[in-house]
Amino acid sequence: MKKFINDPQQFVPEMLKGIALANPATLVYVPKYNLIHRADSPRDDKVTIIQGSGSGHEPAHVMTVGKGMLDAACPGDIFAAPPMDYVYETTKLLASPKGVLLLVNNYTGDRMAFDMAQEMSEADGVKVKTLFINDDVSVEDSTYTVGRRGVAGNFFVMKAVGAAAETGAELDELIRIGEKVNSVTRTMGIALTACTPPSKGSPLFDLADDEIEIGVGIHGEPGRRRAKWMPANEIIDELLGAVVPDLPFASGDRVALMINGLGGTPISELYILYGIAHERLAAQGITVGRNYVGEYCTSLDMAGASLTLVRLDDEIEQLLEAPAEVAVRIF
Amino acid sequence: MKKFINDPQQFVPEMLKGIALANPATLVYVPKYNLIHRADSPRDDKVTIIQGSGSGHEPAHVMTVGKGMLDAACPGDIFAAPPMDYVYETTKLLASPKGVLLLVNNYTGDRMAFDMAQEMSEADGVKVKTLFINDDVSVEDSTYTVGRRGVAGNFFVMKAVGAAAETGAELDELIRIGEKVNSVTRTMGIALTACTPPSKGSPLFDLADDEIEIGVGIHGEPGRRRAKWMPANEIIDELLGAVVPDLPFASGDRVALMINGLGGTPISELYILYGIAHERLAAQGITVGRNYVGEYCTSLDMAGASLTLVRLDDEIEQLLEAPAEVAVRIF
Amino acid sequence: MSSSLDTTEFVVRTIATTCVENEKYFGDLDSVVGDGDFGYSLARGFEQVLTQWDQFDRDDSGTFLLKVAMSITSRIGGTSGPIWGTAFLRAGTQLKGSENIAVGDVVTALRSSIEGIKKRGNSDVGDKTLLDALAPAVDALEQAHDAGESVADSVRAMATAARTAAEHTSTMQARRGRASYSGERSIGSADAGALAVAVLAERLAETWNSRQPV
Amino acid sequence: MSSSLDTTEFVVRTIATTCVENEKYFGDLDSVVGDGDFGYSLARGFEQVLTQWDQFDRDDSGTFLLKVAMSITSRIGGTSGPIWGTAFLRAGTQLKGSENIAVGDVVTALRSSIEGIKKRGNSDVGDKTLLDALAPAVDALEQAHDAGESVADSVRAMATAARTAAEHTSTMQARRGRASYSGERSIGSADAGALAVAVLAERLAETWNSRQPV
Ligand SMILES: Nc1ncnc2c1ncn2[C@@H]1O[C@H](COP(=O)(O)OP(=O)(O)O)[C@@H](O)[C@H]1O
Ligand SMILES: Nc1ncnc2c1ncn2[C@@H]1O[C@H](COP(=O)(O)OP(=O)(O)O)[C@@H](O)[C@H]1O
Ligand SMILES: [Mg+2]
Ligand SMILES: [Mg+2]
Ligand SMILES: [Mg+2]
Ligand SMILES: [Mg+2]
């Protein structure tokens with residue numbers, strides 16, 4: 001394993017420290033709870049928005065703390081939901097009289113940590129609601145599974161509720177908006193390589209030189225099936241073939257299209273995928289009203305990408321358009 | 001090789017098409033010359049800024065076309081300077097009465113193509129000046145080499161002249177600003193892995209599992225020396241040890257610090273490097289006034305990073321602060 | 001009775017050191033159809049338990065277990081934090097105030113842990129989780145003790161049952177936890193949590209006689 | 001004289017097809033201390049030359065070479081575009097208007113190409129570039145011809161000299177081009193451009209007799 005690290009156990013703290021040092025005026029770092037929060041949170045006139053999840057998905061979520069987005073993120077270790085205490089302490093520290101909204105990607109560990117933290121915070125008298133995000137179409141939702149996973153589509157929920165919260169929207173209103181956005185958001189991902197967690201030091205799974213994993217999760221969980229490498233055109237057919245019929249998206253729809261890099265794929269390739277997807281959608285009568293190409297929710301150094309569609313309406317589009325100032329600066 | 005591509009020969013055109021489709025209102029794509037230009041260029045009241053270089057360094061430079069940055073980019077194939085014709089035709093098409101500024105990273109092929117294009121454009125009556133960028137400290141500048149390479153530091157030159165051009169600055173003024181920024185900018189990079197050019201289909205060079213290349217170029221050229229993998233702290237010592245004494249940067253200086261990812265390194269690791277570099281500089285009395293963490297100038301899918309320092313003064317800082325709207329959207 | 005507390009401390013310490021020592025093995029088990037963090041999570045959590053060891057309240061075994069539970073919950077994330085935290089919490093609650101702990105009390109406490117895990121995880125025996133090793137292991141402990149076997153032999157019986165049941169999970173399809181995403185592809189490898197329970201029970205059985213019998 | 005044009009066409013076509021066929025080999029040569037694009041650049045450029053083949057002006061050999069030069073310049077990037085474009089441009093300019101081209105004219109034209117490359121590349125023999133194969137090759141061609149050898153044998157002598165000189169570049173340290181960044185590490189491998197010149201000259205020598213001698 002070759003990474004820019006000192007000690008696998010210090011991976012998350014050192015990253016968080018770097019983020020804090022890079023944003024001294026706007027962010028506060030509380031090492032004890034892996035907590036990064038806006039310097040101006042909590043505010044009496046704004047619902048506090050907190051997102052947890054494991055680390056290893058950067059920029060999600062620690063680098064999306066800022067005006068118009070999250071108030072705080074309290075990640076766990078690599079690929080591990082935060083300990084319940086982190087969520088509870090974060091909630092206590094940042095509680096606003098308008099309430100606290102917890103954004104949770106739908107995984108067993110995250111659900112449990114946030115459920116417990118919500119219960120405990122409510123016992124303390126804090127107004128808390130939780131919103132689960134589950135945009136991944138590669139997992140079937142049945143009583144025999146824990147339900148669909150939250151993946152890169154979480155960006156749109158976060159962006160929409162973040163924008164609404166900035167205008168003073170109430171907690172119930174944020175829940176309505178978040179649930180609506182989640183209900184029209186669908187994602188599927190493909191891995192070209194496995195990722196290497198720092199503490200493991202070797203790839204999480206084996207993919208042969210000519211193999212890809214279709215429907216992969218952002219923690220390197222296996223997906224729907226393993227296939228032989230295929231050209232970008234066919235990759236997009238696979239992804240759209242799963243995502244479009246799922247909602248379903250239909251001719252006449254206006255959508256946001258995200259091509260999300262999983263960490264090890266250069267942005268040049270993401271734009272190749274974008275161009276193909278854009279044209280394929282146009283051919284089906286689906287208009288791309290907004291596009292997002294880059295890294296939003298990664299899986300450490302995994303080479304791969306996911307495709308997300310969001311069905312837009314005026315309300316959602318306005319919320320996505322609203323300005324946001326986040327910690328991660330590219331230009 | 002596993003990449004999101006259809007055909008190596010279509011890598012660049014398909015990427016450019018994707019960029020154009022993602023930015024229909026602001027960008028124009030001219031396939032014949034690999035040309036991406038601002039829809040509102042050329043303008044009579046603004047010097048036109050054009051940057052060439054090979055492809056494979058995205059977001060540089062095709063994704064940095066936009067307000068406050070470049071007017072146009074006309075890249076060559078992967079790692080190949082553009083054919084002279086592309087530069088010449090681009091210059092002709094986008095010539096402004098205020099003149100054209102060509103930004104060129106200092107490589108043999110780029111120099112020749114831009115020199116020839118400048119000569120030919122001048123013969124056509126276009127006012128053209130060329131600015132060479134050579135921030136890479138890993139290459140010695142001597143009569144026996146072609147001089148230092150232009151690498152990630154080119155961002156700062158581009159950003160500064162882009163901001164000044166937007167305010168109507170004259171061509172000579174842009175040259176002055178660009179040369180000044182270039183003269184206080186220093187970079188060095190380290191590779192953890194080699195990159196794989198699509199047409200080659202295999203890594204450009206061999207790096208053992210425990211080896212890194214110090215002083216690597218953004219085309220995967222070998223650097224100063226090969227070394228055993230070392231922890232992030234020592235990596236930063238290597239980079240600062242080369243960059244700081246070169247200008248030299250000194251106690252009391254205020255700098256911009258960029259940690260640039262080379263394409264295959266996740267942003268989490270870049271922030272780890274950032275945190276270490278920030279603190280090391282502070283210990284030397286050097287204040288980080290502005291920071292840039294992310295991918296600015298990549299080498300395809302290479303895992304690695306470069307560190308750039310720019311000595312700030314009021315003029316440079318203001319130009320770096322000025323707003324810019326570029327094609328690559330992350331949030 | 002201090003010998004009860006001694007035994008409790010012995011059990012917890014054995015669990016903690018075994019988890020720390022097996023960080024890599026448990027992590028590799030979780031890589032097959034999971035995300036590889038299981039070993040790391042347990043190791044960091046139980047490392048903290050060992051660090052805070054001397055500060056835990058020792059009024060009785062139950063109180064001690066409650067403190068251990070809080071330490072776990074404050075450091076272990078992922079699914080394991082709430083699951084293992086709940087297990088220690090329930091056992092601690094059950095044993096709180098008891099001075100003299102018999103094997104029967106331990107069985108009751110462990111049954112309470114199992115119920116806690118089921119509730120917390122919305123899961124049951126048969127879903128291919130650590131429950132599929134833990135439940136049969138507790139049953140075996142009870143049966144051996146009821147059959148008049150020594151504590152050491154009862155623990156040995158528990159370990160044997162845990163191992164057999166854990167290995168058996170490789171025939172099952174996961175219906176809870178991250179492995180459930182893999183659907184049928186989860187069949188063929190045993191559950192990481194279940195195997196960890198087997199390793200812990202075996203270590204307890206192996207070392208039991210190295211200490212004062214209860 | 002049309003036989004001159006035929007020979008010119010033969011030479012250019014041989015160069016073009018050889019470059020296309022050796023795309024991978026030339027690219028690998030450029031990977032050692034370069035950036036691996038040399039084979040790709042030449043292949044795409046000469047592919048275009050072959051595509052446009054029938055449209056090139058054929059007033060005389062010089063005009064034909066000028067058109068080839070323009071085609072190269074419009075498609076080949078990197079260092080090779082200007083370098084190879086200049087070479088063809090200079091040769092074309094030198095031969096323009098000549099009807100009857102003798103070996104001496106070819107030597108003069110190639111010397112003009114060499115001067116063009118030196119100027120364009122700010123380089124010289126000894127810098128470890130294609131010049132280090134091309135210059136001795138042209139010298140050998142001249143000497144063989146002056147010694148009264150046939151054209152075919154003179155071309156053979158040129159190829160032999162090119163190969164020897166190209167291989168010899170592995171002892172040199174690069175002072176121009178991308179390889180110069182590697183400093184002393186450029187010693188030990190031959191220059192990609194020089195080896196390409198050797199391959200092209202050898203192909204010309206091998207196939208020379210398959211066509212009408214000049
Ligand atoms: N719903 C559940 N109820 C009980 N145990 C579970 C549940 N889900 C997973 N587990 C157990 O937890 C183990 C994985 O733990 P861990 O790696 O911490 O979880 P994750 O990384 O998936 O959040 C599994 O091997 C299984 O034994
Ligand atoms: N300044 C120069 N003058 C003449 N030839 C040169 C010069 N620099 C490089 N070359 C030749 O060009 C070859 C590399 O071509 P190419 O791969 O297109 O260049 P690059 O990728 O470095 O821009 C070298 O092997 C060498 O023979
Ligand atoms: Mg996990
Ligand atoms: Mg090149
Ligand atoms: Mg796990
Ligand atoms: Mg090259």
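Definitions and cut-offs
Residues numbered from 1 in each chain as written. Chains lettered and ligands numbered in written order. Predicted model: local features only at pLDDT ≥ 70, side-chain atom pairs only at ≥ 80, totals over all residues. Heavy atoms only, no water. Helix = DSSP H or I, 4+ residues; strand = E, 2+ residues; numbered from the N terminus. Rg over C-alpha atoms; globule rule 2.2 N^0.38 Å. Buried < 20%, exposed > 50% of the residue type's maximum accessible area, 1.4 Å probe, protein only. Contact = heavy atoms within 4.5 Å. Donors = N, O, S within 2.8 Å, 3.2 Å for Na, K, Ca; no water. Axes fitted to C-alpha atoms, helices over the stretch in contact; angles between N-to-C directions. Parallel < 35°, antiparallel > 145°, perpendicular 65-115°, else oblique. Left-handed = near helix turned anticlockwise from the far one by under 90°. Nonpolar A, V, L, I, M, F, W, Y, C, P; charged D, E, K, R; others polar. Phe/Tyr/Trp six-rings, centres within 6.5 Å; stacked < 30°, edge-to-face > 60°. Lys NZ or Arg CZ within 6 Å of the ring centre and 35° of its normal. Near = heavy atom within 4 Å. Polar contact = N/O pair within 3.5 Å; in protein donor to acceptor, adjacent residues only side chain to side chain. Areas by Shrake-Rupley, 256 points an atom, 1.4 Å probe, with all protein chains shown as cover. Least-squares fit on C-alpha atoms with pLDDT ≥ 70 in both. Buried area = accessible area lost by both parts, 1.4 Å probe. Salt bridge = Lys/Arg side-chain N within 4 Å of Asp/Glu carboxyl O. Pairing = 2+ DSSP bridges.

**Q** Explain the overall build of chain C here, please?
**A** Along the backbone of chain C there are nine helices and zero strands. Secondary structure elements of chain C occur, N-terminal to C-terminal, as α-α-α-α-α-α-α-α-α. Taken over C-alpha atoms, the radius of gyration comes to 16 Å for chain C, in line with the 17 Å a tight globule of 214 residues would show. The C-alpha extent of chain C, read off along each of the three principal axes, is 50 × 40 × 30 Å. When each of the 214 residues of chain C is scored for burial, the buried share is 60%.

**Q** Help me understand the side chain of Thr-90 of chain B in this model?
**A** Residue and element names in this part refer to chain B. If you trace the backbone, Thr-90 turns up in helix α2 (residues 84-94). Exposure remark for Thr-90: the relative accessible area of 0% places this residue in the buried category. If we skip the residues at most four places from it in the chain, Thr-90 touches Tyr-33, Leu-35, Ile-50, Ala-72 and Cys-74.

**Q** It is not clear to me how the coordination of the magnesium ion (ligand 3) should be interpreted in this structure. Could you clarify?
**A** Perfect tetrahedral coordination of a metal by four donors corresponds to 109.5 degrees between them, and perfect octahedral coordination by six donors corresponds to 90 or 180 degrees. Binding of the magnesium ion (ligand 3) to the protein goes through Phe-79 of chain A (O), Asp-35 of chain C (OD) and Asp-37 of chain C (OD), at separations of 2.2 Å. The distance between the magnesium ion (ligand 3) and the magnesium ion (ligand 5) comes to 3.5 Å, and Asp-35 of chain C binds to both of them. Highlighted residues: Phe-79 of chain A in the loop between β5 (72-73) and α2 (84-94) and Asp-37 of chain C in the loop between α2 (23-31) and α3 (38-51), drawn from two different chains. With a relative accessible area of 9%, Asp-37 of chain C lands in the buried category.

**Q** Where do I start with the packing of helix α4 (residues 154-166) of chain A against helix α5 (residues 171-183) of chain A in this structure?
**A** All names here are of chain A. Packing of α4 against α5 brings their axes to within 9 Å, and their N-to-C directions diverge by 155°. When the interaxial angle is binned, α4 and α5 end up roughly antiparallel. Here α4 runs over α5; the crossing is right-handed. Only Leu-174, Ile-177, Gly-178, Val-181 and Asn-182 of α5 make contact with α4, whose side of the interface consists of Phe-156, Val-157, Ala-160, Val-161, Ala-164 and Ala-165. Of the residues that constitute the contact of α4 with α5, the class distribution is nine nonpolar, two polar and no charged.

**Q** Where do I start with the coordination of the magnesium ion (ligand 4) in this structure?
**A** Each protein donor to the magnesium ion (ligand 4) is listed here as Phe-79 of chain B (O), Asp-35 of chain D (OD) and Asp-37 of chain D (OD); together their distances run 2.2 Å. Taken as an interatomic distance, the gap from the magnesium ion (ligand 4) to the magnesium ion (ligand 6) is 3.5 Å; Asp-35 of chain D donates to each of them. With respect to class, Asp-35 of chain D is no different from Asp-37 of chain D; both count as buried.

**Q** Is there a simple way to think about the packing of aromatic side chains in this case?
**A** Any aromatic ring pair is given by two values, namely how distant the centres are and how the planes are angled relative to each other. Counted according to the given criterion, the structure contains 28 aromatic pairs over all chains. An angle of 85° between the planes, with centres 5.9 Å apart, marks the rings of Phe-56 of chain C and Phe-64 of chain C as edge-to-face. For the pair Phe-56 of chain C and Phe-64 of chain C, a shared accessibility class is recorded, and that class is buried. Measuring from centroid to centroid gives 5.3 Å for Trp-53 of chain D and Phe-64 of chain D, while their planes differ by 85°, and the two rings are edge-to-face. With a gap of 11 residues between them, Trp-53 of chain D in the loop between α3 (38-51) and α4 (61-75) and Phe-64 of chain D in helix α4 connect regions that are remote in the sequence. For Trp-53 of chain D, a relative accessible area of 4% gives the class buried. Taking the relative accessible area as the measure of exposure, Phe-64 of chain D reaches 0% and is therefore buried. Through a chain of ring-to-ring contacts, the aromatic side chains of Phe-155, Phe-156, Tyr-292 and Tyr-296 of chain A assemble into a single cluster. Taking the ring centre of Tyr-181 of chain C as reference, the NZ or CZ of Arg-149 of chain A above it sits at 4.8 Å.

**Q** Would you explain the site of ligand 1 in this entry?
**A** Among the 20 residues in the neighbourhood of ligand 1, the closest are listed as Asp-37, Thr-79, Ser-80, Ser-123 and Asp-191 of chain C. One chain alone does not account for the residues near ligand 1; they come from chains A and C. Here an oxygen atom of ligand 1 sits 2.9 Å away from a polar atom, N or O, in the main chain of Leu-130 of chain C. Summarising the interface, the protein chains cover 95% of the accessible area of ligand 1, which totals 570 Å² for the free molecule. Of all the secondary-structure elements, those providing two or more residues to the shell around ligand 1 are α5 (80-95), α6 (103-121) and α9 (192-207) of chain C. Of the residues assigned to the shell around ligand 1, the class counts are five nonpolar, nine polar and six charged.

**Q** In this structure, what is going on with unusual backbone geometry? I would like to understand it.
**A** With the exception of glycine, most residues fall at negative phi, and the peptide bonds are largely trans. The omega torsion across Glu-58 of chain A and Pro-59 of chain A is 15°, close enough to zero to call that bond cis. The omega angle of the peptide bond from Leu-247 of chain A to Pro-248 of chain A is 0°, so this bond is cis rather than trans. Positive phi, normally seen in glycine, also occurs at Asn-34 of chain A, with a value near 50°. With respect to the element layout, Asn-34 of chain A can be found in the loop between β1 (27-30) and β2 (35-38). Its relative accessible area of 6% is what places Asn-34 of chain A among the buried residues. Of note in the backbone geometry, Lys-128 of chain D takes a positive phi value of approximately 65° without being a glycine. Residue classification places Lys-128 of chain D among the buried residues on the basis of a relative accessible area of 3%.

**Q** Help me understand the relation of the copies chain B and chain A, please; the structure alone is not making it clear to me.
**A** Each of the two copies of the chain can be brought onto the other by a rotation about an axis and a shift along it. Mapping chain B onto chain A leaves a residual RMSD of 0.0 Å; the transformation is a rotation of 180° accompanied by 0.0 Å of translation along its axis. Here the two chains are linked by the operation of a two-fold rotation axis. Residues of chain B ranked by C-alpha distance from the rotation axis are headed by Gly-264 of chain B, positioned 2.1 Å from it. Counting the interface residues of chain B, we find that 100% of their copies in chain A are interface residues as well, pointing to one common contact surface.

**Q** Please explain the site of ligand 2 as it appears in this structure.
**A** Residues in contact with ligand 2 amount to 20 residues; listed here are only the nearest, Asp-37, Thr-79, Ser-80, Ser-123 and Asp-191 of chain D. Near ligand 2, the surrounding residues belong to chains B and D. Within the contact set of ligand 2, an oxygen atom lies 2.9 Å away from a side-chain nitrogen or oxygen of Asp-35 of chain D. Elements represented by at least two residues in the shell around ligand 2 include exactly α5 (80-95), α6 (103-121) and α9 (192-207) of chain D.

**Q** Can you walk me through the interface of chain B and chain A in this structure?
**A** Much of the literature gives interface size as the accessible area that the parts lose upon coming together. Contacts between the two partners involve 63 residues from chain B and, on the opposite side, 63 residues from chain A. Summing the contributions of chain B and of chain A, the shared interface buries around 5500 Å²; its carbon and sulfur component is 64%. Remark: the boundary between chain B and chain A carries four salt bridges. The partner of Lys-3 of chain B in a salt bridge is Glu-269 of chain A, with the nearest N and O atoms 3.7 Å apart. Here chain B is connected to chain A by 20 residue pairs in polar contact (both at pLDDT 80 or more). The set of elements that each furnish at least two residues to the side of chain B that touches chain A consists of α1 (11-22), β9 (211-214), α6 (232-243), α7 (267-283), β12 (287-294) and β13 (304-311) of chain B. Tallying contributions element by element places α7 of chain B first for the side of chain B that touches chain A, with 11 residues.

**Q** What exactly am I supposed to notice about the sheet that holds strand β7 (residues 128-133) of chain A here?
**A** Hydrogen bonds between backbone atoms are what pair the strands of a sheet, whose relative direction is either parallel or antiparallel. The strand order across the open sheet formed by six strands is β1-β2-β5-β3-β6-β7 (chain A), and the pairing between neighbours is mixed. At either margin of the open sheet sits one strand with a lone partner, and together these are β1 and β7 of chain A.

**Q** Sorry, what's going on with the sheet that holds β12 of chain B here?
**A** Residues and elements named next belong to chain B. A sheet is described by the order of its strands in space; here six strands give the open sequence β10-β9-β8-β13-β11-β12, paired in mixed fashion. Both outer strands of the open sheet, β10 (225-228) and β12, are each paired with one neighbouring strand and no more. Going across the sheet, the axis of each strand differs from the next one's by a mean of 20°, ignoring polarity. In the packing of α6 onto the sheet, contacts are made with β8 (185-191), β9, β10 and β13, and the angle to β8 comes to roughly 145°.

**Q** Explanation requested: the interface of chain A and chain C in the structure shown.
**A** Counting from both sides, the interface comprises 38 residues of chain A and, opposite them, 32 residues of chain C. Buried surface at the junction of chain A and chain C, summed over both partners, amounts to about 2800 Å²; 52% is from carbon and sulfur atoms. Remark: the boundary between chain A and chain C carries four salt bridges. A salt bridge links Asp-77 of chain A to Arg-75 of chain C; the shortest N-O distance between them is 3.2 Å. Counting across the chain A and chain C interface gives nine residue pairs in polar contact (both at pLDDT 80 or more). Of all the secondary structure elements, the ones that give two or more residues to the side of chain A that touches chain C are α2, α3 (108-123) and β10 (225-228) of chain A. Per element, the largest residue contribution to the side of chain A that touches chain C is five residues, and it comes from α3 of chain A. Among the residues making up the side of chain A that touches chain C, the classes are represented as 18 nonpolar, 11 polar and nine charged.

Keep in mind these values describe shape, not function.
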